[in-house]
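Structural description and commentary
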Amino acid sequence: MNTSLKSYTLHNFRTIPQISSLSKELIENIEIVGRVLPFKTNNYVVEELIDWSNVETDPIFILNFPQKEMLDKKYYTLIKKLLDENASKEVIDEYVKKIRLSLNPNPAGQEHNVPYLGEIKLKGIQHKYPETVLFFPSQGQTCHAYCTFCFRWPQFSGMSGLKFAMKEGALLLKYLRLHKEVTDILFTGGDPMVMSASTLEAYIKPLLEPEFEHIRSIRIGTKSLAYWPYRYLIDKDSDDIIKLFELVNKSGKNLSIQAHFNHPRELSTHAVKEAIARIRKTGAQIRTQSPLLKHINDKAELWSQMWRKQVDLGCVPYYMFIARDTGAKRYFEIPLERCWQIFRQAYSQVSGLCRTVRGPSMSDVAGKIQVLGVQEIKGDKVFVLRFIQGRNPKWVHIPFFAEYNPKATWMDELNPAFGEDKFFFEEKPSKLKTTKPFPFE
Ligand SMILES: *Cc1c(COP(=O)(O)O)cnc(C)c1O
Ligand code: SF4
């Protein structure tokens, strides 16, 4: 490809040449579901990643294009009716807002981790684990394309009250001066790599000064390698990005790109291979992560393939996540036991160089909880779990047990095993949990 980024949204997706090959129903699904869930794709995804001969089941098509089943039937019918009746934009927007609010737009208590500087609430920062601060630069709260499973989707839908964003890098620096326990700063979004090289530089360069000696690693969470690898190749400031990465490494700090890849196909194009090679040449490391998603990557072979390709290209497999309870979760969710089986099968097929990956892991209010497996202990079938990261660092790597529940897809559906009334990290007995009914009933 020799052109610049071209984005497609609900307003212009009909101009994608391949769209004319879709059935009327598939196009209607995009129009209806795309009103509620954010929809954006681009020319690279369309031309180099999607298999248009097979869209009904194509994982990359499903990753970007809204599918009928992603929306509860009741809501689908409602939006369809409003559109058929030519309802006014105001009326449609009102309903869309209500539906979005019912989809748990801010899961797992992220708002609990927003720190203060004196009286000032630092909305662009999350500080949950002592050593790592998450920073959400306001210019990075969009992406080169949108994943249909994304839990950050309120940020793209104009629900500004929920936007974790901070215009001022100065506040971040002030906070880091006061928090010498922080060793890692993780730029996240959206996707920080949508920012211009000069904006990114304005945030990163001050961190290289001697007063931030305690910051050892600068991390950037990004899906750009999968959605727009040309960011590192032919954009007008691609060379400046590469220079900035070199500068970080020359300063003696570690630069780690936390790259999101959901499917091995995203690692197969010439462009992504070139981009990875160019980043690695700067001295930066690339670690990879993805959630486990029904319809996209729910097969062990896809994961072992993905990890092997990553290691081939010099990347380090890092996390396998369990899909969060937000947006279209029902469409993507996989029972915890099955998640563990997929992880185990994939893990057992690869060499030790791929086994740097950890998971499957739930990012819950209390921490990152890994499903170690299902086991029978003296006649009781249980889940064995542990914290990879804990809100309290003392919880980390202590095995604990939950009653076996074949339907459970998230921590909030698990009860302590062996008749205990709470998990070891809970202060009060937890309410007895049942597998959630469908959230809209
Ligand atoms: C995952 C995560 C981090 C980083 O954890 P590592 O295990 O060090 O990669 C930091 N903060 C939050 C809130 C996280 O969810
Ligand atoms: S790239 Fe990341 S933040 Fe953006 S839509 Fe996908 S998962 Fe969400």
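The rules behind each value
- Residues numbered from 1 in each chain as written.
- Chains lettered and ligands numbered in written order.
- Predicted model: local features only at pLDDT ≥ 70, side-chain atom pairs only at ≥ 80, totals over all residues.
- Heavy atoms only, no water.
- Near = heavy atom within 4 Å.
- Polar contact = N/O pair within 3.5 Å; in protein donor to acceptor, adjacent residues only side chain to side chain.
- Helix = DSSP H or I, 4+ residues; strand = E, 2+ residues; numbered from the N terminus.
- Nonpolar A, V, L, I, M, F, W, Y, C, P; charged D, E, K, R; others polar.
- Core = buried A, V, L, I, M, F, W, Y, C linked by side-chain atoms within 4.5 Å.
- Buried < 20%, exposed > 50% of the residue type's maximum accessible area, 1.4 Å probe, protein only.
- Domains from an automatic or database assignment.
- Contact = heavy atoms within 4.5 Å.
- Phe/Tyr/Trp six-rings, centres within 6.5 Å; stacked < 30°, edge-to-face > 60°.
- Lys NZ or Arg CZ within 6 Å of the ring centre and 35° of its normal.
- Pairing = 2+ DSSP bridges.
- Buried area = accessible area lost by both parts, 1.4 Å probe.

1. Side note on the site of ligand 1
In the neighbourhood of ligand 1, the contacting residues comprise Lys128, Tyr129, Thr132, Leu134, Arg219, Tyr318, Tyr319, Lys368 and Gln389. Taking Arg219, its side chain carries an N or O atom lying 2.8 Å from an oxygen atom of ligand 1. In the model, an oxygen atom of ligand 1 is placed 2.5 Å from a nitrogen or oxygen of the Tyr319 side chain. Listed by contribution, the elements that provide at least two residues to the shell around ligand 1 are strand E5 (125–129), strand E6 (132–135) and strand E11 (316–322). The class makeup of the residues in the shell around ligand 1 is four nonpolar, two polar and three charged.

2. A few points about the nonpolar core
Ranked by size, the top nonpolar core spans 128 residues in total, and within it Ile185, Ile218, Leu225 and Met411 carry the most contacts. Looking at which domains feed residues into this core, each of domain 1 (7–101) and domain 2 (108–357) gives three or more. Excluding residues that lie within four positions of it along the chain, Met411 makes contacts with Met362, Asp364, Ile369, Leu385, Phe400, Phe423 and Phe425.

3. Things to note about the packing of aromatic side chains
Counted by the stated rule, this structure contains 30 aromatic pairs. Centre to centre, the rings of Trp52 and Phe65 are 5.9 Å apart; their planes meet at 80°, and the pair counts as edge-to-face. With Trp52 in the loop between helix H2 (43–49) and helix H3 (59–64) and Phe65 in the loop between H3 and helix H4 (73–84), this pair connects stretches of sequence that are 13 residues apart. In terms of burial, Trp52 and Phe65 fall into one category: buried. Chaining the aromatic ring pairs together yields one cluster made of Phe387, Trp395, Phe400, Phe423, Phe424 and Phe425. The ring of Trp340 has Arg344 lying over it, and the distance from NZ or CZ to the ring centre is 5.1 Å. The ring of Tyr347 has Arg355 sitting right over it, with the charged end atom 5.0 Å from the ring centre.

4. Considering the pairing of E6
The pairing of E5 with E6 spans three bridges and is classified as antiparallel. Of the residues in E6, the one forming a bridge with Gln126 is Leu134. Linking E5 to E6, which pair antiparallel, is a turn of two residues.

5. Brief notes about the domain arrangement of the protein
Here the domain parsing of the protein yields domain 1 (7–101) and domain 2 (108–357). Between the C-alpha centres of domain 1 and domain 2 there is a distance of 26 Å. In this complex, domain 1 contributes 26 residues to the contact, which on the side of domain 2 involves 30 residues. Both sides together, the interface formed by domain 1 and domain 2 hides about 2,400 Å², and carbon and sulfur atoms give 64% of it.

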